[in-house]
Amino acid sequence: MSQLEQELKQLIVESLELEDIQPQEIETDAPLFVDGLGLDSIDALELGVAIKKRYGVKLDANAEDTRAHFASVASLAAFISEHGKAEVAQ
C-alpha cells in the first residue's frame, strides 16, 4: 500500500469523523459508497473538500468521471497522483 493510500484512509476517518472504524480497516480496493464503506453523497462532498485542502485537487461534482474517482481509496490515490501537487508521496 502506498503512503498516499494510507494518508487517504486517515483523511477519510478524520474528515468524516468515523468513530467506529480505523484507517487500517478500510480496504484499498473496496467501494467507498453503498456496499463498501457505506458513505453517502454528503460524505462525498465533505471528503472532496478535505482532499482539495490537503492535496490541492478539486473534484468536480458535475463531471462524469467523478464517481469513478470516488470508487475506492485506490482510485482516489490514482487521481490525486495524476492531478495533485508535486509533493504528493507515492
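How each quantity is defined
Residues numbered from 1 in each chain as written. Predicted model: local features only at pLDDT ≥ 70, side-chain atom pairs only at ≥ 80, totals over all residues. Heavy atoms only, no water. Helix = DSSP H or I, 4+ residues; strand = E, 2+ residues; numbered from the N terminus. Rg over C-alpha atoms; globule rule 2.2 N^0.38 Å. Buried < 20%, exposed > 50% of the residue type's maximum accessible area, 1.4 Å probe, protein only. Contact = heavy atoms within 4.5 Å. Areas by Shrake-Rupley, 256 points an atom, 1.4 Å probe, with all protein chains shown as cover. Lys, Arg positive; Asp, Glu negative; His and termini not counted. Charge placed at Lys NZ, Arg CZ, Asp CG, Glu CD. Salt bridge = Lys/Arg side-chain N within 4 Å of Asp/Glu carboxyl O. Expected span 1.5 Å × (residues − 1).

### Describing the overall build of the chain
Line of reasoning, step 1. Secondary structure assignment for the chain yields 4 helices and 0 strands.
Line of reasoning, step 2. Reading the helices (α) and strands (β) of the chain from amino to carboxyl end gives α-α-α-α.
Line of reasoning, step 3. Over its C-alpha atoms the chain spans a radius of gyration of 12 Å, differing by no more than 12% from the 12 Å that the globule rule assigns to 90 residues.
Line of reasoning, step 4. Here the chain holds 90 residues, and the buried ones make up 42% of them.
Line of reasoning, step 5. Within the chain, contacts between residues separated by at least 24 positions form 57% of all contacts whose residues are at least 6 apart in sequence.
Line of reasoning, step 6. For the chain, the computed accessible surface area is about 5600 Å², with 46% contributed by carbon and sulfur atoms.
Line of reasoning, step 7. For the chain, the separation between the mean place of its 7 positive charges and that of its 18 negative charges on side chains is 9 Å.

### Points about the pattern of salt bridges
Line of reasoning, step 1. Under the definition given, this model contains 1 salt bridge.
Line of reasoning, step 2. Measuring nitrogen to oxygen at the nearest pair gives 3.7 Å for the salt bridge that ties glutamate 7 to arginine 54. Separated by 47 residues along the polypeptide, glutamate 7 in helix 1 (residues 3–15) and arginine 54 in helix 2 (residues 41–55) bring together distant segments of the chain.
Line of reasoning, step 3. Look at glutamate 7 and you get buried, because its relative accessible area is 17%.

### Some points on helix 1
Line of reasoning, step 1. When the terminal C-alpha atoms of helix 1 are compared, their 18 Å separation across 13 residues agrees well with the 18 Å that a helix rising 1.5 Å per residue should span.
Line of reasoning, step 2. Among the residues making up helix 1, those that are buried are Leu4, Glu5, Glu7, Leu8, Lys9, Leu11, Ile12 and Val13.
Line of reasoning, step 3. Packing partners of the buried residues in helix 1 comprise helix 2 and helix 4 (73–83).
Line of reasoning, step 4. Positive phi shows up at glutamate 17, right after helix 1, with a value of about 50°.

By themselves these figures say nothing about function.
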